[in-house]
Protein chains: 2
Amino acid sequence: MTADQTSAHQVQVIAIDAMGGDFGPEVTVEAASIACASSSSIRIVFFGDEVKITPFLDLYPSLKTVSSIVHTDKVISNEEKPSVALRSGKGSSMRLAIDAVKEGSAQGIVSAGNTGALMATSKMVFKCLPGIQRPAIASVFPTKHGETIMLDLGANLSCDPEVLVQFAVLGSVYARAVKNISKPSVGLLNVGSEAMKGPEEVRKAADILSHIKFPGEFYGFIEGNDITAGTVDVVVTDGFTGNVALKVAEGVGSMIRHFLKEAFKSSFLSMIGAILARGALNRLKGRLDHRFYNGGMFLGLNGICVKSHGGMDAYGFSQAILVAADLIQNGYNDNVATEIEQVMSQEGFVTGSAVINE
Amino acid sequence: MTADQTSAHQVQVIAIDAMGGDFGPEVTVEAASIACASSSSIRIVFFGDEVKITPFLDLYPSLKTVSSIVHTDKVISNEEKPSVALRSGKGSSMRLAIDAVKEGSAQGIVSAGNTGALMATSKMVFKCLPGIQRPAIASVFPTKHGETIMLDLGANLSCDPEVLVQFAVLGSVYARAVKNISKPSVGLLNVGSEAMKGPEEVRKAADILSHIKFPGEFYGFIEGNDITAGTVDVVVTDGFTGNVALKVAEGVGSMIRHFLKEAFKSSFLSMIGAILARGALNRLKGRLDHRFYNGGMFLGLNGICVKSHGGMDAYGFSQAILVAADLIQNGYNDNVATEIEQVMSQEGFVTGSAVINE
């Protein structure tokens, strides 16, 4: 099986770092079988230890027909510092998978390995798309009425206004190209909705976004509760705030699940109640299933890279594969390249910088 | 009724801005009756329009015996800018209530009015406690296993390391003096737990907290999910991050309630289930009742000031009154004054600054 660059949108060849994550091939191979079962246009190249991958691959005959293995016994550990991984990671499953995308034998890479190493290596190998200074980590979140995409979730600790504007472009192109929202609304996360509120870089970014034409529609400032309220299609923030927001949301969800379980166990009547309402409760569980929202997209790089949470099971990892396939199928990076050129050609747009989170 | 300064810890005289909030005296007076019913040592002085307050006060004969009214028909509106409120707010219900604490005829003020005006006015009138450069807004949050206090929730957009250290002192003294935790654990909110992670000011604050003696015990960095996990007793962060975290938590709670209601309504069986589990679900609702956690404490000022959410009902506002009474009864400000002097006398502690959120 080889990747055909000209049919990039018809067939999506995904390079999988088979050894990454807490469980390695046991999870990554089953995940690939789930992803391929749900989309017939996905092809897989596993990078990792052939001896460890093959027994699991043997369990999924139909996956075998659409996948191949590139052997390496070198793995980047979760403890490795990004700078060390950059220097000594050559020949590792993660690095080879990234290289495959760079060389064109795959169109996207998915890994559940060391986040810092994945970001540093993919940045070095892929470089940023023209006009984009810094990649952002983006993910989709459930809201009361649907979904929203938020970025940055941790690649940059703080961002210049111009970098925030680039994130707004990256996010809107995603909402348009992948989620089919023709004019996505974009909100800047802040501590109030009035124009005078918030840090200087956020106010300056708002000023630029109100004046330029870009693929989305600038809504203005939003507050933390607007994320789940579904006020906007795209939430833009720096990586420090985005990371805290993401983890606070996870924490509150986990606490409420904990309380809910305790409540249902508290009496015989409530246990019966929970059994009767089981179908409804399972639907609720499904709606809030964090596995479904697994897949941190490294947007802004000249190559598709998706990070899965390290502790994900096969279903969760399969969602990250599907996220990568979606980005490829919808020509995400080509769309960004076209749009960012138009944004940058406008007056009042200058380049900025960001403080990197490493 | 007059306030007796020497019996500050036995009787708590609370000045209430009766006109503040979305509902005015209808809510603030009923709230006072709830607070006084739950604590016999609370005395109330209402500041506001006597004609509007009296009819509600007449409804609560026992409240009448422990309260008085100071008349004014001037009110600071929610739309007033803090700077304007400072200049022209003299004689308003909010300003008179603050002045009463300054002059010693009350020991704490509670208002559901304009947050910016309340912060600016109380700061100007009270000033900061010696050794404290900036006040912080603090509040108590539910966790899986109990409660935690978080600050700053929005008074300062960004903070120097030394200001974050002062917040750690303010929070630990609260946990010790009011919540009876002898050696409260203090965590700095960050995007990772490793020492090299995060913005410079957070890393510097961690460095100071690891070296000095203060009323709490420095746990290290925590992440967003640690807040509700109950990892520490005190969560310290800047006002921008704290405000986003607070509102994200509110938003996620609101979304899950919404999903839960929808789930129970989705079928006849699940409706029956919800009815059977009603007791348990009500207990859950109680545990997550944001009214119970109402009361943003302005810590670090030389005067007790508590902000109630503007849209709170009487039960919610009564909790803010009880928060103020708790701070007074436990001599919170005296405790801070003693502790901060000891902290400042240590080597390696210098003064810093913060960017104010106005």
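Computed from a prediction, not measured in an experiment: that's the story for all the values here.

Caption draft 1: Geometry of the relation of the copies chain B and chain A. Its rotation angle being 180 degrees, the transformation that places chain B on chain A also includes 0.0 Å of axial translation and leaves an RMSD of 0.0 Å. Considering both components of the superposition, the chain copies are consistent with a two-fold axis. Among all residues of chain B, the one whose C-alpha sits closest to the rotation axis is Gly273 of chain B, at a distance of 1.8 Å. Comparing contact sets, 100% of the residues at the interface of chain B also lie at the interface in chain A, consistent with an isologous, same-surface contact.

Caption draft 2: Local environment of unusual backbone geometry. The omega angle of the peptide bond from Leu151 of chain A to Asp152 of chain A is 5 degrees, so this bond is cis rather than trans. Tracing the backbone shows Asp152 of chain A in the loop between β6 (147-151) and β7 (156-159). Phi at Lys127 of chain A is positive, roughly 65 degrees, even though this residue is not glycine. With respect to the secondary-structure elements, Lys127 of chain A resides in the loop between α6 (115-126) and β5 (136-142). Within the chain, Asn180 of chain B stands out as a residue other than glycine whose phi angle is a positive 60 degrees. If you trace the backbone, Asn180 of chain B turns up in the loop between α7 (161-177) and β8 (185-189). We classify Asn180 of chain B as exposed; it has 9 C-beta atoms within 10 Å.

Caption draft 3: Inspection of the sheet that holds strand β6 (residues 147-151) of chain B at higher detail. Residue and element names in this part refer to chain B. What the 11 strands build is an open sheet, ordered β3-β2-β1-β4-β12-β11-β5-β6-β10-β8-β9; its pairing is mixed. Of all strands in the sheet, those with a lone pairing partner are β3 (67-71) and β9 (217-222), marking the two edges. This sheet shows a mean twist of 25 degrees between the axes of neighbouring strands, independent of strand direction. Relative to strand β4 (residues 108-111), strand β1 (residues 12-17) is paired through three bridges, and the arrangement is parallel.

Caption draft 4: Representation of the interface of chain B and chain A. Taken together, the contact pairs 53 residues of chain B with 53 residues of chain A. Those elements that place two or more of their residues in the side of chain B that touches chain A are β7 (156-159), α9 (224-229), α10 (239-265), α11 (268-276) and α12 (278-287) of chain B. No other element matches α10 of chain B, which puts 21 residues into the side of chain B that touches chain A. By residue class, the composition of the side of chain B that touches chain A is 28 nonpolar, 19 polar and six charged.

Cut-offs used in this document
Residues numbered from 1 in each chain as written. Chains lettered and ligands numbered in written order. Predicted model: local features only at pLDDT ≥ 70, side-chain atom pairs only at ≥ 80, totals over all residues. Least-squares fit on C-alpha atoms with pLDDT ≥ 70 in both. Contact = placed C-beta atoms within 7 Å. Helix = DSSP H or I, 4+ residues; strand = E, 2+ residues; numbered from the N terminus. Buried ≥ 20, exposed ≤ 12 C-beta atoms within 10 Å, placed from the backbone. Pairing = 2+ DSSP bridges. Axes fitted to C-alpha atoms, helices over the stretch in contact; angles between N-to-C directions. Nonpolar A, V, L, I, M, F, W, Y, C, P; charged D, E, K, R; others polar.

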